[in-house]
Amino acid sequence: MLRFASLASGSKGNCLVAQADGTVLMLDCGLALRETERRLARLGLEPAQVSAILVTHEHGDHGGRAFDFAAAHGVTVVLTHGTAEALRQEGKVLDGVKLRYVSGMEKLALGGIEVQPFTVPHDAREPVQFVFSDGAARLGVLTDIGASTVHVEQVLSGVDALVLECNYDAGMLAAGGYPRWLKERIAGPFGHLDNLQAEHLLGALERSKLKHVIGAHLSQQNNRPELARAALARALGCEASWIGLATQDDGFDWRSV
Ligand SMILES: [Zn+2]
Ligand SMILES: [Zn+2]
C-alpha cells in the first residue's frame, strides 16, 4: 500500500510525504525545521522515519529548508545537479549532508518506493517533479509548472492519485495588486498553472485508475478554494466535493492507494 499526506502546500512552504511499508520519502521542505517536525508528528511520523528528502527545485518554498532537516536528522537529499548548484550558490547546501543526484531521465528505487523524476518548464535551474510507486499504485505530484507538456501528460497518464497545482485564477491575478513583472512571471510559460490550465491538463490524462485528485499550491491572494475545486471537477465530470485540496496551514491528511 502506498499512502501520502501533505504537511503544507503553497508559496509559504511545501512539504509532502509518501510512504510504502517502511520507506517514508519527504518531497520538498519549505517549512522551518521545528514546524516540519511538529507537522510530521501530527501525521504520526518521527523524523527518524524519513528515508530521504526529494527536492523539486531551489525556490525557497520547496528546497529552502531541506538541508536544515537533512542535517538535523541525517537524511539524504535527492535532487538534480542544477538544483544542487542553485542551492549551493545561496549557501543552502550544508556540509556533511549526503546528496544523491537524479535527472529527469531515469527512475530510481529508494527503499520500497520507485521514484520517477520528470522535467517541467519552470523558472528554476533544473526543476523536476515526481511520480511515486510501490510497484502497484502510482502517485503523481505536479506543482510549479508554467505550462503542461506532452511529456508531463504521458508521465502522469494512468496514475492512481494526483496532486496537481491550481495556483491562480487568471481573472483574480490580472485584477489583483501584484506588480506587473510578478503577474507576468506567474502567468508566463515558466511560472505556475492557473485553474483552467490545471483543468485542461487533467482532462488530457488517461484517468481510468484515478482515485484521488487534490488541488495544490493555491495562491492565497489570487485564487479561491471553490474555484480550484470546480475547475478540477469539470475535468472529471464529478462533484466538486470529491476533489481534495492541499492547504498552506494543514496540507491534507493521509490518503491511500
Ligand atoms: Zn512553489
Ligand atoms: Zn517554484
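Residues numbered from 1 in each chain as written. Chains lettered and ligands numbered in written order. Predicted model: local features only at pLDDT ≥ 70, side-chain atom pairs only at ≥ 80, totals over all residues. Heavy atoms only, no water.

(A) Fine view of the environment of Gly91. As for its placement among the helices and strands, Gly91 is situated in the loop between helix H3 (81-89) and strand S6 (99-101). A residue is classified by how much of its surface remains accessible, and Gly91, at 52% relative accessible area, is exposed. Taking C-alpha positions, Gly91 is 28 Å from Lys183, a pair spaced 92 residues apart along the chain. (Helix = DSSP H or I, 4+ residues; strand = E, 2+ residues; numbered from the N terminus. Buried < 20%, exposed > 50% of the residue type's maximum accessible area, 1.4 Å probe, protein only.)

(B) Region of interest: the coordination of the zinc ion (ligand 2). Within the first shell, the zinc ion (ligand 2) binds the protein through His57 (NE2), His59 (ND1), His122 (NE2) and Asp144 (OD), at distances of 2.2 to 2.3 Å. Considering all four donor atoms around the zinc ion (ligand 2), angles at the metal cover 92 to 166° and the coordination shape is irregular. For the zinc ion (ligand 2), all donor residues lie on one chain, and their spacing in sequence is H-x1-H-x62-H-x21-D. For the pair the zinc ion (ligand 2) and the zinc ion (ligand 1), the metal-to-metal distance amounts to 3.7 Å, and Asp144 bridges them. Here His59 is found in the loop between strand S4 (50-54) and helix H2 (66-73), whereas its partner His122 is found in the loop between strand S8 (113-119) and strand S9 (128-133), with 63 residues between them in sequence. (Donors = N, O, S within 2.8 Å, 3.2 Å for Na, K, Ca; no water. Tetrahedral: all angles 85-135°; square planar, octahedral: opposite > 155°, others 65-115°.)

(C) Structural detail: the environment of Ala233. Structurally, Ala233 is set in helix H8 (residues 225-236). On the basis of relative accessible area, Ala233 is assigned to the buried category, the value being 6%.

(D) Quick peek at the packing of aromatic side chains. In total, this model carries two aromatic pairs according to the counting rule given. The interplanar angle of 80° and the centroid separation of 5.8 Å between the aromatic rings of Phe4 and Phe252 together place this pair among those described as edge-to-face. Here the residue Phe4 occupies a position in strand S1 (residues 2-8), and Phe252 occupies one in strand S14 (residues 252-256), the gap between them amounting to 248 residues. In this structure, Phe4 and Phe252 share a single accessibility class: buried. (Phe/Tyr/Trp six-rings, centres within 6.5 Å; stacked < 30°, edge-to-face > 60°.)

(E) Looking closely at the sheet that holds S1. Strand order in the open sheet made by the seven strands is S6-S5-S4-S3-S2-S1-S14, with mixed pairing throughout. The sheet terminates laterally at S6 and S14, the two strands that pair on one side only. If you compare each strand with its neighbour and ignore which way they point, the axes differ by 20° on average. Where S1 and S14 come together, three bridges link them in antiparallel fashion. Counted as the bridge partner of Ser6 is Phe252 from S14. Its contacts with the sheet put H2 on strand S3 (23-27), S4, strand S5 (76-79) and S6, and the angle it makes with S4 is roughly 155°. (Pairing = 2+ DSSP bridges. Axes fitted to C-alpha atoms, helices over the stretch in contact; angles between N-to-C directions. Contact = heavy atoms within 4.5 Å.)

No statement about biological role is implied by the geometric values presented.
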